[in-house]
Amino acid sequence: MRNIQVNGDRLWRSLMEMAEIGATPKGGVCRLALTDLDRDGRRLFIRWCEEAGCQVRIDRMGNIFARRPGRNPDAPAVMTGSHLDTQPTGGKFDGAYGVLAGLEVVRTLNDLGYETEAPIEVVVWTNEEGSRFSPAMIGSGVYAGVFSLDEGLATPDNVTRVTMGAELQRIGFAGSEPCGGRKVAAYFEAHIEQGPILEAAGKPIGIVEGAQGQRWYEITVTGQEAHAGPTPMRRRKDALVGAARMIDAVNRIGHAHPPYACATVGFVQVGPNSRNTIPGRVFFTVDFRHPEDAVLTEMDRELREACREAARSAQVEVEVKEFWYFPPTPFDKDCVAAVRRAAEAQGYASQSIISGAGHDAVYMARVAPTAMVFVPCKDGISHNEVEDAKPEDLSMGCTVLLNAILERANAPAEGARR
Ligand code: GLV
Ligand code: MN
Ligand code: MN
């Protein structure tokens, strides 16, 4: 059976139902990792998977695996999925689309009574966003051996400092399965593009060839708290003035490496944050991205120099800590080709693309042949409550996902090839 299509209406209904969990008044979703709302989203997913006949297992990082058996129970599974956590002002599709597209693949195969050779597993990764707990992609990172289990579980909430391990226990998702360590035949992830390229090109499908690299920093500026009235300007050690100059420099570094560099400060804490005390401490984060590692290295050099100079001019101290890094990541050529063949077989217009965002696929690429499918999103906007995507594009992306998965799930097991 070739060129099967998914049920786009059913996929859309599931997306809209999932989006009710954590729905915001502006039409978005706030479902931060390991909150009660994340728990509710996970429970709904598990219910749907069990209704679809899947066997559900949860690992020690709270990653959820819903398995549809294949003819060969010993064959490594073809995996697909994404995440259910969102940004604080997130949308309905970032993450949820990849998870529910995986579920729709299973449901479509069930409708057809289609038995694959290898099992198919739909996965929900814990804390992809990195918003409440940083960095991003921690569940898949532990799975892929990038972080140890202990590191993953000890990761603190950025504000309250409660750990991921404690929150997994609290919401009932500290599973017993080992995290990682088993062979995965291939990993495919469907996602909205989160940028403007496909929409501008009028193409419903992006064949994702890889993801750009990222460097995240935590920067602490220390000055001296003092009274806002009696302290003359020249005597001040104002940590916020120093930080403001550094933040401006981050933006300038981003502009200095067009067209691909991205540079963002998205999290700032000021201490003591009182209107009439000169700030003594500022903590902020930096997110640098670029498809070429050499440019990221140059941006790193410029950041350190700019922070030193700003600290000197504001008479404050600065500590620049590189917090997280992953290099530009090419995806597996055969899996990328499977996605391209699936799009071509349907006659869907497509183009190659590099992911600007981080995805669990970046870490899965270290342990399994991996590729991604992108679909356009409205005005290229994501990490925003107005995030939107067309049902027909989401459906086409899911059909491409299905057929790419089938190619791999029906491939003769490795070793039996020759
Ligand atoms: C994940 O959402 C990212 O920051 O790319
Ligand atoms: Mn995402
Ligand atoms: Mn995201």
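Before going into details, it helps to say that this report is about the structure given with it.

Counting secondary structure elements, the protein contains 12 helices and 16 strands. When each of the 418 residues of the protein is scored for burial, the buried share is 56%. A separation threshold of at least 6 residues defines the contact pool for the protein, and within that pool the share at least 24 residues apart is 80%. Accessible surface, the protein as shown: approximately 17600 Å² in total, 49% of it carbon and sulfur. Charged side chains in the protein number 46 positive and 55 negative. The centres of these two groups are separated by 3 Å.

As a further point, take the coordination of the manganese ion (ligand 3). Within the protein, Asp94 (OD), Glu129 (OE), Glu129 (OE) and His383 (NE2) serve as the donor atoms for the manganese ion (ligand 3), at 2.1 to 2.4 Å. In primary-sequence terms, the residues that donate to the manganese ion (ligand 3) follow D-x34-E-x253-H. The two metals, the manganese ion (ligand 3) and the manganese ion (ligand 2), are separated by 3.7 Å and share Asp94 as a common coordinating residue. Of this pair, Asp94 sits in the loop between β3 (77-83) and α3 (96-112) while His383 sits in the loop between β16 (370-375) and α12 (391-409), and the two are 289 residues apart along the sequence. We classify Asp94 as buried; its relative accessible area is 6%. With relative accessibility at 40%, the residue His383 sits in the partly exposed group.

On to the side chain of Arg408. Turning to its location among the elements, Arg408 is positioned in helix α12. Salt bridges are absent for the buried Arg408, whose nearest opposite-charge side chain, Asp332, sits at 4.3 Å. Apart from the residues within four sequence positions on either side, Arg408 is in contact with Val78, Ala185, Ala186, Phe188, Asp332, Asp334, Cys335 and Pro369.

This part is about the coordination of the manganese ion (ligand 2). Of the protein atoms, only His83 (NE2), Asp94 (OD) and His191 (NE2) coordinate the manganese ion (ligand 2), at distances of 2.0 to 2.3 Å. In primary-sequence terms, the residues that donate to the manganese ion (ligand 2) follow H-x10-D-x96-H. Note on His83: relative accessible area 0%, which makes it buried.

Glancing now at the nonpolar core. In terms of nonpolar packing, the biggest core is built from 98 residues, with Phe45, Met79, Tyr97, Phe188, Ile205 and Leu394 touching the most fellow members. Tallying contributions element by element places α12 first for this core, with 10 residues. Excluding its chain neighbours within four sequence positions, the residues that come into contact with Met79 are Phe65, Glu121, Val123, Trp125, Tyr143, Arg182, Val184, Ala186, Tyr187, Phe188 and Met364. Membership of the second largest hydrophobic core comes to 23 residues, among which are Val282, Met299, Ala310 and Ala314.

Two elements in contact, helix α2 (residues 36-51) and α3, have axes separated by 10 Å at closest approach and are oriented at 10 degrees. Classified by the angle between their axes, α2 and α3 sit roughly parallel to one another. Once α2 is placed against α3, the crossing between them reads as left-handed. Every residue of α3 that contacts α2 at Phe45, Trp48 and Cys49 is listed here: Val99, Leu100, Leu103 and Arg107. Of the residues that constitute the contact of α2 with α3, the class distribution is six nonpolar, no polar and one charged.

Rules and cut-offs
Counting from 1, residues in each chain are numbered in the order their sequence is written. Chain labels run from A onward and ligand labels from 1 onward, assigned in the order the entries are written. Totals for whole chains, interfaces and linings use all residues, but because this is a predicted model, local features are given only for residues with pLDDT of at least 70 and pairs of side-chain atoms are given and counted only at 80 or more. Note: side-chain values were computed over all heavy atoms of the structure, leaving out hydrogens and water. Only runs of H or I of at least four residues qualify as helices and only runs of E of at least two qualify as strands under DSSP, and these elements are numbered from the N terminus. Exposure categories follow from relative accessible area, calculated using a 1.4 Å probe and restricted to protein chains: below 20% of the type maximum is buried, above 50% is exposed, and the middle band is partly exposed. Any two residues whose heavy atoms approach within 4.5 Å at even a single point are treated as in contact. Only the protein chains shown count as covering a residue, and every accessible area follows the Shrake-Rupley method with a 1.4 Å probe. In this tally, Lys and Arg are treated as positive and Asp and Glu as negative; His is ignored, and so are the chain termini. By convention, the point assigned to a charge is CZ for Arg, NZ for Lys, CD for Glu and CG for Asp. Distances decide who is a donor: an N, O or S atom must be within 2.8 Å of the metal, or within 3.2 Å for Na, K and Ca. Water is not included, so sites may look incomplete. For salt bridges, the criterion is a side-chain nitrogen of Lys or Arg within 4 Å of an Asp or Glu carboxyl oxygen. Here, nonpolar core refers to any group of buried Ala, Val, Leu, Ile, Met, Phe, Trp, Tyr and Cys residues whose side-chain atoms link them within 4.5 Å. Note on geometry: axes are lines fitted to C-alpha atoms, helical ones only across the stretch in contact, with angles between N-to-C directions running from 0 to 180 degrees. Should an angle fall under 35 degrees it is taken as roughly parallel, and over 145 as roughly antiparallel, whereas 65 to 115 is taken as roughly perpendicular and any remaining angle as oblique. Each crossing gets its hand from how the near helix is turned against the far one by less than a right angle, where anticlockwise is left-handed and clockwise is right-handed. Under the scheme applied here, ten amino acids are nonpolar (Ala, Val, Leu, Ile, Met, Phe, Trp, Tyr, Cys and Pro), four are charged (Asp, Glu, Lys and Arg), and all others, including Gly, are polar.

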